[in-house]
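Chain by chain, the residues run as shown.
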Amino acid sequence: FVEFIVLLKDQFAHAAGDIRPYVLLLIAACMGLELTRKTYRVLILGENAFVLYGTFFLRSAFLIEAILDFPALVTTAYDFAGRVGVLAGGAGLTFASFQDPGAILNQGLLIGDIMLGPARDQFSVLSPLVGVALFLSWVVFMVSFGVMAITIFIAQVHLIVAVPLLILLFPFALCGWTAWM
């Protein structure tokens, strides 16, 4: 898992920097279209120019700042989410092991072995139902650790692949008819 994530990070490391000049051109085009649209609304429809232009320039300034600081924002959000996950996982979990789905599965197997011992001990003629119940709880526990590891792996792949491409959607937030994206 870690090798695949590191390979993806290496491949997409410069994607946001390579896309940035095209994004700035797209911002200029979207701002021009939206300013034309707002001017039409002010001159022809008689809407309030101060409100229309004020909200547009505030939103534009916010989005341009977000695009210029995009790598720092993503890194900060990623580190924050990772630190929260480590705190939720307890003292035995490190940031590196939280990022490694294989380490999470190994941790689940170590804890699962502790649960599996009493289940094996309870399989007897006198208490087969208790043994089956403990075994089923072990199965649910192991499946939950597997789902958690897969979820963290997929979230990291999404972050690596989709985030550089997300920067292309920012300019469309400037245009009124594409802001929903």
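Heads up: the structure comes first, above all this text.
Source: prediction; values computed, not measured. (Residues numbered from 1 in each chain as written. Predicted model: local features only at pLDDT ≥ 70, side-chain atom pairs only at ≥ 80, totals over all residues. Heavy atoms only, no water.)

Things to note about the packing of aromatic side chains
For clarity, the cut-off: Side-chain rings of Phe, Tyr and Trp, where Trp is taken by its six-membered ring, are said to pair if the distance between their centres is within 6.5 Å; with planes under 30 degrees apart they count as stacked, over 60 as edge-to-face, and otherwise as tilted. Helix and strand assignments follow DSSP, with helices taken as H or I runs no shorter than four residues and strands as E runs no shorter than two, numbered in order from the N terminus. Relative accessible area decides the class of each residue, using a 1.4 Å probe on protein chains only: under 20% of the type maximum gives buried, over 50% gives exposed, and in between gives partly exposed.
Within this structure, the stated rule accounts for three aromatic pairs. The interplanar angle of 55° and the centroid separation of 4.9 Å between the aromatic rings of F141 and F145 together place this pair among those described as tilted. Here the residue F141 and the residue F145 both occupy positions in helix α7 (residues 128-166), the gap between them amounting to four residues, near one helical turn. Classification of F145 as buried rests on a relative accessible area of 13%.

Points about the packing of helix α1 (residues 2-12) against α7
To keep things clear, this is the line we draw: Helix axes use the C-alpha atoms of the stretch in contact, all axes being lines fitted to C-alpha atoms, and the angles between their N-to-C directions lie in the range 0 to 180 degrees. With respect to orientation, any angle under 35 degrees is reported as roughly parallel, any angle over 145 as roughly antiparallel, any angle of 65 to 115 as roughly perpendicular, and every other angle as oblique. Contact between two residues is taken to exist if any of their heavy atoms lie within 4.5 Å; hydrogens are not considered. Throughout this entry, Asp, Glu, Lys and Arg are counted as charged residues, while Ala, Val, Leu, Ile, Met, Phe, Trp, Tyr, Cys and Pro are counted as nonpolar. The remaining residues, Gly among them, count as polar.
Where α1 contacts α7, the two axes come as close as 10 Å, and the packing angle between them is 5°. Classified by the angle between their axes, α1 and α7 sit roughly parallel to one another. Residues F4, I5, L8, K9 and F12 of α1 touch α7, and the partners they reach there are F153, Q156, V157, I160, V161 and P164. Class assignment for the residues of the contact of α1 with α7 results in nine nonpolar, one polar and one charged.

Comments concerning the nonpolar core
Filter applied, for reference: In these notes, a set of buried Ala, Val, Leu, Ile, Met, Phe, Trp, Tyr and Cys residues joined through side-chain atoms within 4.5 Å is what counts as a nonpolar core.
Membership of the largest hydrophobic core comes to 15 residues, with the highest contact counts inside it found for V23, I27, I67, I167, F170 and L174. Mapped onto this core, the elements with two or more residues apiece are α2 (15-43) and α3 (49-68). It is α2 that provides the largest number of residues to this core, a total of five residues. When neighbours within four sequence positions are excluded, L174 is seen to be in contact with I27, C30, M31, E34, F56, R59, S60 and L63. I5, F153, V157 and I160 belong to the second largest nonpolar core, which has five residues in total.

Description of α7
We apply this condition: The span one expects for a helix is its residue count, reduced by one, times 1.5 Å. Bend is computed residue by residue as the angle between axes fitted to the seven residues ending at the residue and the seven residues starting at it.
The end-to-end C-alpha separation of α7 is 54 Å, in line with the 57 Å expected for 39 residues at 1.5 Å each. A maximum bend of about 30° is found in α7 at L159.

Side note on the pattern of salt bridges
The cut-off we apply is this: Salt bridges are counted wherever a side-chain nitrogen of Lys or Arg sits within 4 Å of a carboxyl oxygen of Asp or Glu.
Under the counting rule described, the total for this entry stands at three salt bridges. Across the salt bridge formed by R37 and E34, the nearest N and O atoms sit 2.9 Å from each other. In this pair, R37 and E34 both sit in helix α2, three residues apart, roughly one turn of the helix. Salt-bridge contacts for E47 lead to R41; the nearest nitrogen and oxygen are separated by 2.8 Å. Its relative accessible area of 30% is what places E47 among the partly exposed residues. Residue R41 is classed as partly exposed on the basis of its relative accessible area, which comes to 22%. Three or more residues are tied together by salt bridges with common partners; here these are E34, R37 and K38.

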